[in-house]
Amino acid sequence: MKNFGPKPMMYPMPVLILASYDKDGKPNAMNAAWGGIVEADQICISLSKHQTTDNIDLNKAFTVSIADTEHVVPCDYVGIISGKDEPQKMEKAGFTTRKSEFVNAPVINELPLCLECELLRIDGDSSKDEMHYIGKIMNVCADEKILDSDGNIDLSKFHPICYDPCSHGYYELGKKVGQAFSDGKKLK
């Protein structure tokens with residue numbers, strides 16, 4: 001085994017697109033990799049200071065869309081360009097939005113899976129550049145094009161991407177290899 005020391009090497013690392021409204025109600029989005037589910041109805045995302053964090057602080061709400069293979073380029077774009085520098089950031093990315101029915105934040109129409117979140121709290125040391133934004137998931141919405149005949153998310157129709165912090169690459173998740181809460185029973 002090779003030791004790498006303390007590094008953010010957790011796989012798969014989802015590519016999260018956070019969206020929020022500014023003080024004038026204009027939508028903005030950013031790409032974030034350091035996040036995940038921490039409770040059945042909570043998400044935690046580690047963020048440094050951005051226009052999006054200012055917006056979240058203001059509105060106490062945000063959405064988290066899951067990036068997919070169809071939208072790699074615009075999802076990367078919103079991560080490398082600040083809305084402070086490019087007022088037409090969302091338009092240049094090709095993203096359109098609608099207001100969430102559950103929180104005061106935009107839902108990106110082009111991304112097929114979205115968690116609509118209310119800000120619960122911000123943890124961490126404010127003197128450091130990284131804070132943990134904890135959100136309560138108020139709703140999850142999904143485009144019907146990624147649902148199976150029973151109305152559930154179908155990973156053969158939805159192709160989320162993950163981030164590799166070593167190569168800085170985006171990768172599509174692969175095929176189903178087992179059944180949770182079932183395959184392990186073979187060892188009983």
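Everything in this summary refers to the structure shown in the same document. (Residues numbered from 1 in each chain as written. Predicted model: local features only at pLDDT ≥ 70, side-chain atom pairs only at ≥ 80, totals over all residues. Heavy atoms only, no water.)

1. A closer look at the sheet that holds strand S4 (residues 35-39)
On the basis of which strands lie adjacent, the open sheet formed by 7 strands has the order S3-S2-S6-S9-S10-S5-S4 and antiparallel pairing. Two strands close off the open sheet at either side, each with one partner strand: strand S3 (27-32) and S4. Adjacent strand axes in the sheet meet at a mean angle of 35 degrees when their direction is disregarded. Pairing of strand S9 (residues 113-123) with strand S10 (residues 131-142), which is carried by 10 bridges, proceeds in the antiparallel orientation. Bridging from a neighbouring strand, Leu 115 pairs with Val 140 of S10. Where helix H1 (residues 51-59) meets the sheet, its contacts fall on strand S2 (16-21), S3, strand S5 (42-47), strand S6 (61-66), S9 and S10, and the angle it forms with S2 comes to roughly 55 degrees. (Pairing = 2+ DSSP bridges. Helix = DSSP H or I, 4+ residues; strand = E, 2+ residues; numbered from the N terminus. Axes fitted to C-alpha atoms, helices over the stretch in contact; angles between N-to-C directions. Contact = heavy atoms within 4.5 Å.)

2. Let's talk about the pairing of S4
Pairing analysis gives 4 bridges linking S4 to S5, with the strands arranged antiparallel. Counterpart to Glu 39 in the pairing with S5 is Gln 42. Counted along the chain from S4 to the antiparallel partner S5, the turn is 2 residues long.

3. Overview of the sheet that holds strand S11 (residues 161-164)
Across the sheet, which stays open at both edges, the 3 strands sit in the order S1-S11-S12 with antiparallel pairing between neighbours. Each having just a single partner strand, strand S1 (13-14) and strand S12 (169-172) make up the two edges of the open sheet.

4. A closer look at the packing of aromatic side chains
Using the criterion set out here, one finds 2 aromatic pairs in the structure. Each ring, one from Trp 34 and one from Tyr 163, has its centre 6.3 Å from the other, and the planes form 80 degrees; the classification is edge-to-face. Of the two residues, Trp 34 sits in the loop between S3 and S4 while Tyr 163 sits in strand S11, which places them 129 residues apart along the sequence. Assessed through its relative accessible area of 15%, Tyr 163 is described here as buried. Arranged with centres 6.2 Å apart and planes meeting at 55 degrees, the rings of Tyr 163 and Tyr 170 form a pair that is tilted. By the ring-pair criterion, three or more aromatic residues cluster together here, those being Trp 34, Tyr 163 and Tyr 170. (Phe/Tyr/Trp six-rings, centres within 6.5 Å; stacked < 30°, edge-to-face > 60°. Buried < 20%, exposed > 50% of the residue type's maximum accessible area, 1.4 Å probe, protein only.)

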